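Chains, contacts and geometry: an overview
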Amino acid sequence: MATRIEHEYTSYISVVLGIIAVFAVGGGAYYFSSMRAENKKSAPYDYNKPVPTDAQLRSRLKEEQYKVTRQNGTEPAFQNEYYNNERTGLYVDIITGDPLFSSLDKFDAGNGRLNFSKPLAKDRIAQKKDLSHPEIERVEIRTVRSDSHLGHLFHDGPPPGGERYTVNSAAVKFIAVEKLANDGYGEFVSLFPGASATPKSGTP
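Residues numbered from 1 in each chain as written. Predicted model: local features only at pLDDT ≥ 70, side-chain atom pairs only at ≥ 80, totals over all residues. Heavy atoms only, no water.

1. Notes on the sheet that holds strand S1 (residues 89–93)
Sheet strands associate in pairs through backbone hydrogen bonding, adopting either a parallel or an antiparallel arrangement. Spatial ordering of the open sheet is given by S2-S1-S8, a layout of three strands whose pairing is antiparallel. Of all strands in the sheet, those with a lone pairing partner are strand S2 (99–102) and strand S8 (172–176), marking the two edges. The sheet shows a mean angle of 30° between the axes of neighbouring strands, taken without regard to direction. (Pairing = 2+ DSSP bridges. Helix = DSSP H or I, 4+ residues; strand = E, 2+ residues; numbered from the N terminus. Axes fitted to C-alpha atoms, helices over the stretch in contact; angles between N-to-C directions.)

2. Regarding the sheet that holds strand S7 (residues 164–167)
The strand order S3-S7-S6-S5-S4 describes an open sheet built from five strands, whose pairing is antiparallel. In the strand order of this sheet, the two ends are held by strand S3 (114–116) and strand S4 (125–130), each with one partner. The average angle at which neighbouring strand axes cross in this sheet is 30°, direction not considered. One ladder, built from six bridges, connects S4 with strand S5 (residues 138–143); its direction is antiparallel. If you follow isoleucine 125 over to S5, its bridge partner there is threonine 143.

3. Structural notes on the nonpolar core
The biggest cluster of nonpolar side chains holds 18 residues, and the ones touching the most others in it are Tyr91, Phe101, Leu150, Val167 and Val172. When contributions to this core are tallied by element, the ones reaching two or more residues are S2, S3, strand S6 (149–154), S7 and S8. With three residues, the single largest contributor to this core is S8. Not counting chain neighbours up to four residues away, the residues in contact with valine 172 comprise Tyr82, Tyr91, Val92, Ile94, Leu100, Leu114, Leu150 and Val167. Core analysis: the second largest hydrophobic core is formed by nine residues, Tyr45, Val92, Val177 and Tyr185 among them. (Core = buried A, V, L, I, M, F, W, Y, C linked by side-chain atoms within 4.5 Å. Buried < 20%, exposed > 50% of the residue type's maximum accessible area, 1.4 Å probe, protein only. Contact = heavy atoms within 4.5 Å.)

4. Some thoughts on unusual backbone geometry
Between proline 159 and proline 160 the backbone carries a cis peptide bond, its omega angle lying at 5°. In the Ramachandran plot, phenylalanine 78 falls in the positive-phi region, its phi being about 65° despite a non-glycine side chain. Here phenylalanine 78 shows up in the loop between helix H3 (63–71) and S1. On the basis of relative accessibility, which here comes to 48%, the residue phenylalanine 78 falls in the partly exposed class.

This is the structure:
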C-alpha cells in the first residue's frame, strides 16, 4: 500500500512540475516577445541605411511607384492614395523611409494631389529646374538621399511661406501618429501634441 501511495505522490509531483515548466516557458516567451516589441519601439530610424539598388526597387515597388520615383512619372489627379487623407502623421520617402512632410503642413489646393506648405527639413529636398514644358515655369523636387522624383514646387501656396510642394502619393508612404514610435519615428511624436500616440485596435 505504501508503494502505491508513493507512486501516486511521485506522479502528482511530476504533473505539478510539468505545469510549472509550461508556465515558465510561456512566461519566458511572453517576456522575450515583449522585450523585442519594446526594443523595436525604442530603436530610432536609421538615416544612414543604404539606398536600395535599382534591381531591389523594381521588385519591391509597385509599378506606379517605380514609374513616379525613377521615371519622373505623374499620377492621375484625384486617383491617388493620399490626396484626401485627413489622418495625422508623417509622409516618408517610399524608397528610404526618410521623413519628408507632416500632415500639419498639408492643405487642399483643389488639384487632387498631395500639397504641403513646407517640408520637415529643406535639406532633404533638392530643387531642379524642370524644362520638360517650356511654356510652364516649374521646379522639380527630388529627395536628396534616394534621388527620387517627388513632384513640383510652386510659389502660390498659403502664407507665410507662399510655397506649394505638390507631391505624388506614389513617392511617399504615410505613417499615422499612433505608429510613429513603433516604426522608429518617435522623435516626431511631439509634433502632434493633440493627437493620440497610442495604437488603436485594428489600426493597419
